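Fold and geometry: a report
Here are the chains, one letter per residue:
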Amino acid sequence: MEERRDHTYWMGLAMREAESAYTRGEVPVGAVVVKDGLVIGKGSNQTEMLQDPTAHAEMIALTAAAAHIQQKWLEGCTMYVTLEPCPMCAGAIVLARLPLLVFGSYDPKAGACSTLYTITNDTRLNHRVHTTGGVGAEESTALLRKFFLEKRKN
């Protein structure tokens, strides 16, 4: 039960990042990387603002975390992200050697951690990431639905 509460707390911080993206007109996805009880990297989608297709929340959080600890491998870290990572982000998570990934909403269109692909647990790769999905999914899904409904109206 303690682990679940911790996941919920950290996912709440990722949701704050998603809400930040939402207020900027970005797809509302947020991510935080935690090590030893501290956030060492955070990010929200910035693809529109930067006109960069790689500026996903996970990529920004990974880059910030690696810069914080000054190494490319994020061993001993956990990433919390509000939406199941896409293939690009799942690949980067594997390359960063994160031991644990916790995500909110499952993504039926691009999910690469359990829905469409299982990149984070592919035995052909040199590292596998323990993955837990569905944490805070209701809140994350509601924000994503709100965002896309507003986009369709405009």
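Here the structure is shown first, and the text comes after it.
A brief look at the structure comes next.

What counts, and where the lines are drawn
Residues numbered from 1 in each chain as written. Predicted model: local features only at pLDDT ≥ 70, side-chain atom pairs only at ≥ 80, totals over all residues. Heavy atoms only, no water. Helix = DSSP H or I, 4+ residues; strand = E, 2+ residues; numbered from the N terminus. Core = buried A, V, L, I, M, F, W, Y, C linked by side-chain atoms within 4.5 Å. Buried < 20%, exposed > 50% of the residue type's maximum accessible area, 1.4 Å probe, protein only. Contact = heavy atoms within 4.5 Å. Expected span 1.5 Å × (residues − 1). 1 Å grid on protein atoms, 1.4 Å probe; cavity = no way out; pocket = protein on both sides within 12 Å on 5 of 7 lines; lining within 4 Å. Points joined across faces, edges and corners; volume = space filled by probe spheres on them. Salt bridge = Lys/Arg side-chain N within 4 Å of Asp/Glu carboxyl O. Pairing = 2+ DSSP bridges. Axes fitted to C-alpha atoms, helices over the stretch in contact; angles between N-to-C directions.

Positive phi is not limited to glycine here, since D36 has a value of about 50°. Within the secondary structure, D36 is located in the loop between β1 (30–35) and β2 (38–44). For Q70, which is not glycine, the phi dihedral falls at a positive 55°. On the secondary structure map, Q70 appears in the loop between α3 (57–69) and β3 (77–83).

Here the focus is the nonpolar core. Core analysis: the biggest nonpolar cluster contains 25 residues, and L62, M79 and L101 have the highest contact counts within it. Taken together, the elements giving at least two residues each to this core come down to β1, α3, β3, α4 (87–95) and β4 (100–105). Sequence-distant contacts of L101, that is, excluding residues within four places in its chain, are made with M79, V81, P85, I93, C113, T120, V129, H130, T131 and T132. W10, L13, V32 and L100 belong to the second largest nonpolar core, which has ten residues in total.

This next bit is on α3. Between its terminal C-alpha atoms α3 stretches 19 Å, which fits the 18 Å expected from 13 residues at 1.5 Å a residue. In the core, the buried residues of α3 are packed alongside β1, β2, β3 and α4.

A volume near 600 Å³ is recorded for the largest pocket. Lining the largest pocket are 23 residues, with V27, L83, D107, L144 and F148 sitting closest to its centre. At five residues, helix α5 (residues 137–153) tops the list of elements feeding residues into the lining of the largest pocket.

This part covers the pattern of salt bridges. Overall, the coordinates contain two salt bridges when judged by the stated rule. With a closest N to O distance of 2.6 Å, D122 and R124 form a salt bridge. On the basis of relative accessibility, which here comes to 73%, the residue R124 falls in the exposed class.

With that settled, consider the sheet that holds β4. Taken in spatial order, the five strands make up an open sheet running β2-β1-β3-β4-β5, and their pairing is mixed. Each edge of the open sheet is held by one strand with a lone partner, namely β2 and β5 (130–132). With strand direction ignored, the average angle separating the axes of adjacent strands in the sheet is 15°. Strand direction decides the pairing type here: β3 and β4, joined by five bridges, are parallel. From the neighbouring strand, L83 faces β4, where its bridge partner is S105. Contacts from α3 reach β1, β2 and β3 within the one sheet, and its direction differs from that of β2 by about 145°.

The next subject is the environment of V29. Relative to the helices and strands, V29 resides in the loop between α1 (2–23) and β1. Those residues within four positions of V29 in sequence are excluded, and the remaining contacts are E17, A18, A21, G43, S44, N45, A57, V81, T82, L83 and L144.

Read these as geometric descriptors, not functional statements.
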